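A structural walkthrough
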Amino acid sequence: MEGLKGIMPLDEYAAKRHFEKTPEPPPGKRKSKAPAKPYFCVQRHDATRLHYDFRLEIDGVLKSWAVPKGPSLDPAVKHFAAHVEDHPIDYGGFEGNIPAGNYGAGSVMLWDRGAFDLLGDATGLEQIERGDLKFHLNGEKLKGDFALVHMKGRGKGNEWLLIKKRDDFASPGWDVEAHAYSVLSGRTQEEIVRNLPARKSKQKTAGAVDRVWQSDRPPKKAAAPKSPAAAAKSTPRKKKRTLTSGA
Ligand code: MN
């Protein structure tokens with residue numbers, strides 16, 4: 001059944017995309033240096049429906065779950081997480097806009113990133129296979145112990161729950177939408193849609209943005225100002241990147 005899984009784990013990812021039409025990275029060798037600890041990230045993806053893509057580096061790819069309500073630090077909530085196709089490691093640095101007509105069209109914000117540790121002795125693949133994956137996140141927003149638990153015998157078979165464990169990082173009532181800014185560029189979703197440049201000062205990230213994992217995709221890659229009209233209007237005084245604060 002799943003016997004072929006792992007041979008070419010990124011086939012599904014590649015089959016859904018036309019890499020000449022989307023800025024998303026094609027599968028390939030990771031361009032970044034492998035860090036000491038595995039990487040995780042969460043991308044806030046405003047596509048047909050807003051959702052958060054939760055990704056853990058396991059076995060050379062980003063194992064991925066789409067979480068409509070997003071992750072939470074509140075241990076009382078169990079948020080539905082649909083297990084989706086593996087993504088290449090370099091996808092974990094992606095932020096930008098997937099053009100209309102392409103798979104997943106919409107804006108992608110790098111909402112959180114960091115390193116994680118698996119909990120227990122089983123490998124990540126073994127834990128996914130048994131449907132009970134436990135890990136400790138050290139992100140900029142998400143910290144502490146979490147579990148992804150497969151709801152067996154339900155629907156399509158890809159239904160999991162993302163659960164915060166009770167620990168010092170647990171935060172009852174925590175609201176994911178109160179943290180809707182990029183850890184890569186400091187931008188809001190709307191600023192990403194408009195291709196506005198990265199903010200100079202990151203919001204609430206205490207300058208930690210370069211700490212963890214650096215791909216060779218520079219943070220400013222999405223920074224090209226979109227509107228030539230607006231650029232032409234601005235007087236040629238020295239370039240300022242001040243943005244009015246987004247919503
Ligand atoms: Mn998505």
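Residues numbered from 1 in each chain as written. Predicted model: local features only at pLDDT ≥ 70, side-chain atom pairs only at ≥ 80, totals over all residues.

Describing the overall build of the protein
Scanning the protein from N- to C-terminus turns up 4 helices and 9 strands. Listing each helix as α and each strand as β along the protein from the N terminus yields α-β-β-β-β-β-β-α-β-β-β-α-α. Counting only residues that meet the buried cut, the protein has 33% of its 247 residues in that class. (Helix = DSSP H or I, 4+ residues; strand = E, 2+ residues; numbered from the N terminus. Buried ≥ 20, exposed ≤ 12 C-beta atoms within 10 Å, placed from the backbone.)

Regarding the environment of Ala14
With respect to the element layout, Ala14 can be found in helix α1 (residues 11-15). Counting along the chain gives 13 residues from Ala14 to Pro27, while the straight-line C-alpha distance between them is 6.8 Å. The contacts of Ala14, once residues within four sequence positions are left out, are Pro26 and Pro27. (Contact = placed C-beta atoms within 7 Å.)

Quick word on the nonpolar core
If you look at the biggest cluster of nonpolar residues, it comprises 36 residues, and the most contacted ones within it are Phe54, Trp65, Ala81 and Leu162. Ignoring any residue separated from it by four or fewer positions in sequence, one finds Ala81 in contact with Phe54, Trp65, Ala66, Val67, Leu148, Trp160, Leu161 and Leu162. (Core = buried A, V, L, I, M, F, W, Y, C linked by C-beta atoms within 7 Å.)

A word on the pairing of strand β6 (residues 106-118)
Inspection of the sheet shows strand β1 (residues 39-46) paired to β6 by 8 bridges, in the antiparallel sense. Within β6, the residue paired with Asp46 across the bridge is Ser107. Pairing of strand β5 (residues 96-98) with β6, which is carried by 3 bridges, proceeds in the antiparallel orientation. Note that in β6 the partner of Gly96 across the bridge is Val108. (Pairing = 2+ DSSP bridges.)

Focus: the pairing of strand β7 (residues 132-139)
On any regular strand, side chains alternate: one points to one face of the sheet, the next to the other face. Here β7 shows a buried face lined by Leu133, Phe135, Leu137 and Gly139 and an unburied face lined by Asp132, Lys134, His136 and Asn138. Relative to strand β8 (residues 143-150), β7 runs antiparallel, the two being bridged by 7 bridges. Bridging across to β8, Leu133 finds its partner in Leu148. Counted between consecutive antiparallel strands, the loop separating β7 from β8 contains 3 residues.

A closer look at the confidence of the model for the protein
Residues of the protein with pLDDT of at least 70 account for 76%, and the chain-wide mean is 83. Low pLDDT, under 50, characterises residues 1-7; the predicted model gives this stretch 1 contact beyond four residues in sequence or across chains. Below a pLDDT of 50 lies the segment residues 205-247, which in the model reaches 47 contacts outside its immediate sequence neighbourhood of four places, other chains included. (pLDDT = per-residue confidence, 0-100.)

Examining unusual backbone geometry
You will see that Asp59, though not glycine, has its phi angle at about 60 degrees, which is positive. Looking at Asp59, the number of C-beta atoms within 10 Å reads 14, which means it is partly exposed. The phi torsion at Asn195 lies on the positive side, around 55 degrees, for a residue other than glycine. A count of 16 C-beta atoms within 10 Å places Asn195 in the partly exposed class.

As for the environment of Ser182
Summarising the element assignment, Ser182 is placed in the loop between β9 (159-164) and α3 (189-193). Overall, Ser182 belongs to the buried group, with 28 C-beta atoms counted inside 10 Å. Between the C-alpha atom of Ser182 and that of Trp111, which follows or precedes it by 71 residues, the distance is 4.8 Å. Excluding residues that lie within four positions of it along the chain, Ser182 makes contacts with Glu95, Met109, Leu110, Trp111, Arg187 and Ile192.

A look at the environment of Ala47
Take Ala47: it is sitting in the loop between β1 and β2 (50-58). Other than its neighbours up to four places away in sequence, Ala47 contacts Gly104, Ala105 and Gly106.

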